[in-house]
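Here is how the chains run, residue by residue.
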Amino acid sequence: MHELSDRTALITGVSGAVGGRLAATFEGYGARVIGTYRTGKEAAEAVIGTGHLIQADLTPPDAARDLWAAASAIAEVDILVVNAAVIEPTPLTGEDDAWDAGWQQTLQVNVIGAATLMREAAAAFAARGSGSIITISSWAGQQGSRIPDLGAYAASKAAIRNFGQSLARAYARDGVRVYTIAPGVVDAGMGTAGLSADEIRAVAEGLTMGRHVEVQEIAELAAFLATDRTPSLTGSTLDLNGASYLR
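Residues numbered from 1 in each chain as written. Predicted model: local features only at pLDDT ≥ 70, side-chain atom pairs only at ≥ 80, totals over all residues. Heavy atoms only, no water.

Asks: Can you help me understand the sheet that holds strand 5 (residues 131-136) in this one?
Replies: Strands in a sheet are paired, the pairing made by backbone hydrogen bonds, and the direction either parallel or antiparallel. An order of 3-2-1-4-5-6-7 is seen for the seven strands of this open sheet, with the pairing classed as parallel. Edge positions in the sheet fall to strand 3 (52-55) and strand 7 (237-240), since each of these pairs with one other strand and no more. Pairs of neighbouring strands in the sheet enclose a mean axial angle of 20°, with direction left out of account. In this sheet, strand 3 lies alongside strand 2 (residues 32-37) in parallel orientation, the contact comprising four bridges. Pairing of Tyr-37 across the sheet is with Gln-55, part of strand 3. Packing against the sheet, helix 1 (residues 17-28) makes contact with strand 1 (8-11), strand 2, strand 4 (79-82) and strand 5, and its axis sits at approximately 175° to strand 1. (Pairing = 2+ DSSP bridges. Helix = DSSP H or I, 4+ residues; strand = E, 2+ residues; numbered from the N terminus. Axes fitted to C-alpha atoms, helices over the stretch in contact; angles between N-to-C directions. Contact = heavy atoms within 4.5 Å.)

Asks: Looking at this structure, how should I read the environment of Gly-35?
Replies: By secondary structure assignment, the location of Gly-35 is in strand 2. In this structure the C-alpha to C-alpha distance between Gly-35 and Arg-128, which are 93 residues apart in sequence, comes to 22 Å. Other than its neighbours up to four places away in sequence, Gly-35 contacts Ile-11, Val-14, Ile-48, His-52, Leu-53 and Ile-54.

Asks: How do you make sense of the packing of helix 4 (residues 96-128) against helix 6 (residues 151-170) when you look at a structure like this?
Replies: For any two helices packed against each other, the geometry comes down to the angle between their axes and how far apart the axes lie. One can describe the packing of helix 4 onto helix 6 by two numbers: an axis separation of 9 Å at closest approach and a directional angle of 15°. It follows from the interaxial angle that helix 4 and helix 6 lie roughly parallel. Our pair here, helix 4 against helix 6, has a crossing hand that is right-handed. Packed against helix 4, whose contacting residues are Trp-103, Thr-106, Asn-110, Val-111, Ala-114, Ala-115, Met-118 and Ala-122, the element helix 6 presents Gly-151, Ala-152, Tyr-153, Ala-155, Ser-156, Ala-159, Ile-160, Phe-163, Gly-164 and Leu-167 at the interface. Residue classes in the contact of helix 4 with helix 6 are distributed as 13 nonpolar, five polar and no charged. (Parallel < 35°, antiparallel > 145°, perpendicular 65-115°, else oblique. Left-handed = near helix turned anticlockwise from the far one by under 90°. Nonpolar A, V, L, I, M, F, W, Y, C, P; charged D, E, K, R; others polar.)

Asks: Just to check I follow, could you spell out unusual backbone geometry for this structure?
Replies: Where the residue is not glycine, phi is negative for most of them; where a peptide bond is considered, it is trans in most cases. The backbone phi angle of Asp-228 is positive, close to 65°, even though this residue is not glycine. Take Asp-228: it is sitting in the loop between helix 8 (215-226) and strand 7. The exposure class assigned to Asp-228 is partly exposed, which follows from its relative accessible area of 28%. (Buried < 20%, exposed > 50% of the residue type's maximum accessible area, 1.4 Å probe, protein only.)

Asks: I tried to follow empty space enclosed by the protein on my own but got confused; where do I start?
Replies: Throughout the structure, instances matching the rule amount to one cavity of 30 Å³ or more. Its volume calculated, the largest cavity comes out at about 50 Å³. If you trace the largest cavity, you find it lined by Val-82, Asn-83, Ala-84, Ala-85, Asn-110, Ala-114, Ile-136, Lys-157 and Ile-160. (1 Å grid on protein atoms, 1.4 Å probe; cavity = no way out; pocket = protein on both sides within 12 Å on 5 of 7 lines; lining within 4 Å. Points joined across faces, edges and corners; volume = space filled by probe spheres on them.)

Asks: Would you explain the side chain of Thr-180 in this entry?
Replies: Structurally, Thr-180 is set in strand 6 (residues 176-183). Residue classification places Thr-180 among the buried residues on the basis of a relative accessible area of 3%.

Asks: Sorry if this is basic, but what is going on with the nonpolar core here?
Replies: Where a protein is soluble and globular, its nonpolar side chains tend to be buried together. Core analysis: the largest hydrophobic core is formed by 33 residues, its most contacted members being Ile-11, Leu-22, Phe-26 and Ile-134. Per element, the largest residue contribution to this core is eight residues, and it comes from helix 8. Not counting the four nearest positions on each side in its chain, Ile-11 is found in contact with Gly-19, Leu-22, Ala-23, Phe-26, Val-33, Ile-34, Gly-35, Thr-36 and Val-81. If you look at the next biggest cluster of nonpolar residues, it comprises 28 residues, including Ile-34, Leu-58, Ala-121 and Val-178. (Core = buried A, V, L, I, M, F, W, Y, C linked by side-chain atoms within 4.5 Å.)

As structure tokens, then:
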């Protein structure tokens with residue numbers, strides 16, 4: 001199937017588990033992929049195939065604009081997938097410096113950098129009358145973090161989801177589609193980092209389906225949304241958690 005064969009996708013954070021699967025899946029459906037990585041160049045190169053890579057860190061103020069310009073110089077981008085994010089601890093008790101630094105880094109990368117990149121994409125897509133923006137959020141953005149020291153991460157995911165809704169409304173008549181995917185606990189990457197096999201199984205047993213969300217499920221849903229076969233979904237948040245959180 002090559003439903004995306006005429007499109008170019010800019011996917012951030014392809015060196016991680018979710019981003020890597022997104023890149024491979026979009027390429028499998030025929031898209032030309034431009035992937036970004038902050039660190040982990042070898043991991044990013046392993047999944048990109050025939051696409052292009054850009055090293056990008058969204059911490060500097062102008063980084064998102066520079067990234068969009070660099071990607072646009074390679075090809076006319078049709079799809080933006082905002083996947084890259086940081087998880088910085090913001091301890092409720094402890095040193096104020098850790099709290100301040102965690103919030104500043106999280107908001108800069110996950111909210112300001114991501115939103116600026118989305119803003120650049122939306123303006124370009126509106127000018128030509130078509131384009132899709134897909135953000136990878138988290139169920140933590142809808143219910144708060146179950147880990148007390150990750151409050152900033154949860155808040156950042158709520159913020160970028162809200163901004164996506166605003167963007168969807170603003171450009172609804174200009175052919176720009178904006179979607180948010182909110183996965184539950186994923187079977188790789190941040191979802192399993194630092195856990196033993198027994199701990200991973202214990203987490204799975206606590207979920208309604210008795211298993212984690214598979215990374216491939218996120219990639220398949222994102223690829224489907226990118227086809228623009230259901231444009232009336234623009235502005236929507238799609239929960240992907242196996243009925244572990246219902247709203």
